[in-house]
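As a plain string of letters, each chain reads:
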Amino acid sequence: MLIWVIHGPNLNLLGSREPSIYGAATLADIDRELIALGEADGVRVETFQSNHEGALVDHIQHAPAAEVGFIVINPAAYTHTSVAIRDALAAVAVPFIEVHLSNVHKREPFRHRSFLSDLAVGVIAGLGAGGYRMALQHGIETLKR
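Quick caveat: nothing in here was measured; it's all calculated off a predicted structure.

Draft legend 1. Fine view of the pairing of strand E1 (residues 2–7). In terms of burial, E1 is a largely internal element, six of the six residues being buried. Here E1 shows two buried faces, one formed by Leu2, Trp4 and Ile6 and the other by Ile3, Val5 and His7. Alignment of E1 against strand E2 (residues 44–49), held across six bridges, turns out to be parallel. Bridging across to E2, tryptophan 4 finds its partner in glutamate 46. Bridge count for E1 against strand E3 (residues 70–74) is five bridges, and the pairing is parallel. If you follow tryptophan 4 over to E3, its bridge partner there is isoleucine 71.

Draft legend 2. Region of interest: helix H6 (residues 130–144). With 15 residues, H6 extends 21 Å from end C-alpha to end C-alpha; this agrees with the ideal 21 Å at 1.5 Å per step. What H6 keeps buried is the set Gly130, Gly131, Tyr132, Ala135, Leu136, Gly139 and Ile140. Against the buried residues of H6 lie E1, helix H2 (27–40), E2, E3, strand E4 (96–100) and strand E5 (122–125).

Draft legend 3. Focus on helix H5 (residues 83–92). Turning to H5, its buried residues number three or more, namely Ile85, Ala88, Leu89 and Val92. Down the axis of H5, the smallest arc covering the buried residues is 95°, so these residues share one side. Against the buried residues of H5 lie helix H3 (53–61), helix H4 (63–66), E3 and E4. Measuring from the side-chain oxygen of the N-cap residue of H5 to the backbone nitrogen of alanine 84 gives 3.4 Å; that N-cap residue is serine 82.

Draft legend 4. Spotlight on unusual backbone geometry. A positive phi is found at alanine 76, a non-glycine position, where the angle reads about 50°. Structurally, alanine 76 can be placed in the loop between E3 and H5. The phi dihedral of alanine 93 is positive, around 55°, even though this residue is not glycine. Note on placement: alanine 93 falls in the loop between H5 and E4. In this structure alanine 93 comes out as exposed when scored by relative accessible area, which is 59%.

Draft legend 5. Looking closely at the UniProt feature "active site" (unreviewed entry) in the protein chain. The residues that UniProt annotates with the feature "active site" (unreviewed entry) are Tyr22 and His100. The largest pairwise C-alpha distance within this set of annotated residues, which runs over 79 residues, is 9.2 Å, so the set is compact in three dimensions. Within the element layout of this structure, tyrosine 22 appears in helix H1 (residues 19–22). Take histidine 100: its relative accessible area is 5%, and that puts it in the buried class. Leave out the neighbours within four places in its chain, and histidine 100 touches Asn74, Pro75, Ala76, Thr79, Val123, Ile124, Ala125, Gly126 and Leu127. Separated by 2.6 Å, the side chains of histidine 100 and glutamate 98 make a polar contact.

Cut-offs applied
Residues numbered from 1 in each chain as written. Predicted model: local features only at pLDDT ≥ 70, side-chain atom pairs only at ≥ 80, totals over all residues. Heavy atoms only, no water. Buried < 20%, exposed > 50% of the residue type's maximum accessible area, 1.4 Å probe, protein only. Helix = DSSP H or I, 4+ residues; strand = E, 2+ residues; numbered from the N terminus. Pairing = 2+ DSSP bridges. Expected span 1.5 Å × (residues − 1). Contact = heavy atoms within 4.5 Å. Arc of directions from axis to C-beta. Polar contact = N/O pair within 3.5 Å; in protein donor to acceptor, adjacent residues only side chain to side chain. UniProt positions renumbered as here; feature names shortened; annotations may be inferred.

In structure tokens form, the structure reads like this:
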């Protein structure tokens with residue numbers, strides 16, 4: 001059983017980037033925790049981050065060949081702009097949860113629209129790194145059913 005956690009642009013700056021919005025945890029901290037949680041439940045978790053839309057699309061397109069059973073994705077700014085990421089997720093048909101560290105609905109109006117939400121199993125926003133843990137737990141439960 002394999003779950004991918006995919007992080008979009010600027011998430012590599014977590015821990016130093018606007019900690020009042022995104023928290024103090026680094027991306028490495030979050031990844032380590034998610035991998036350990038997966039291992040504890042007998043599920044392999046692999047993480048990937050890119051600032052480049054095409055790299056994210058390429059990665060998503062490899063999900064079927066890698067036998068990925070579930071995806072947790074924080075598309076970051078691409079949430080509001082990327083038809084390409086939406087199309088890749090639709091094409092691979094792997095269930096996914098969209099995660100956002102901040103509550104995008106309490107922020108600028110352009111952040112209120114997601115190109116992915118209607119395809120997602122669910123959306124978690126505003127719970128910081130805890131949102132990743134919740135999404136991963138749901139993915140694990142889904143795979144074990």
